[in-house]
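Residue strings, one per chain:
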Amino acid sequence: MEDIFIIGVIMSVPITAILSATFLKYKKLELQQGKEKNQTSAQLEQILKMTQSLAKENAELRQRIENLETIVTLGDISADFKQVRESSGAGQELPPAGQENMLSGEIAKIIADRKKFR
């Protein structure tokens, strides 16, 4: 009976070694996958932050372009007004300072109105 027990113990050593090595490989792989998940979530957070900052910058640039379009459009109107005035015989007179301030005030008012409706 002791002989069978000794043979059983001797045969179980290689089986135990194989099972232990497989278990260790499994745990290492599990640990490596956990690290990759953490890196992936960190990368996703970084991409999210970059996307939010780019969206904010895009909105700011869009607002600046709309302001410039407003100024250019009003500049075209003032050029048309100047051309009509010159063709009506007003000559080379410069507009009074009050009219220039009035035009810049109109531009500021239009830009402010656009911001209110957003």
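Higher on the page you've got the structure.
Summarised in this report is the structure supplied together with it. (Residues numbered from 1 in each chain as written. Predicted model: local features only at pLDDT ≥ 70, side-chain atom pairs only at ≥ 80, totals over all residues. Heavy atoms only, no water.)

**A few points about the pattern of salt bridges**
For side chains of opposite charge, pairing can occur when their charged atoms come near one another. What counts here: Salt bridge, as used here, is a side-chain nitrogen of Lys or Arg placed within 4 Å of a carboxyl oxygen of Asp or Glu. Strands here are runs of E lasting at least two residues and helices are runs of H or I lasting at least four, both read from the DSSP assignment and numbered beginning at the N terminus. Think of it in three bands: residues with accessible area under 20% of the maximum for their type are buried, residues over 50% are exposed, and the middle band is partly exposed, with areas taken using a 1.4 Å probe on protein chains only.
Enumeration according to the criterion identifies 1 salt bridge in this entry. Across the pair glutamate 30 and lysine 27 runs a salt bridge whose closest N-O atoms are separated by 3.5 Å. Separated by 3 residues within a single helix, glutamate 30 and lysine 27 lie in helix α1 (residues 2-90), roughly one turn from each other. Look at glutamate 30 and you get partly exposed, because its relative accessible area is 38%. On the basis of relative accessible area, lysine 27 is assigned to the partly exposed category, the value being 37%.

**Regarding a nonpolar patch on the surface**
Applied cut-off: Patches here: salt-bridge-free residues with over 30% relative accessible area, like charges joined within 9 Å, nonpolar side chains (Val, Leu, Ile, Met, Phe, Trp, Tyr) joined within 5 Å. Note on areas: these come from Shrake-Rupley sampling with a 1.4 Å probe, and a residue is covered only by the protein chains present in the view.
Residues Phe5, Ile6, Val9, Ile10 and Val13 make up a contiguous nonpolar surface patch of roughly 500 Å² in combined accessible area. The residue isoleucine 6 is located in helix α1 in this model.

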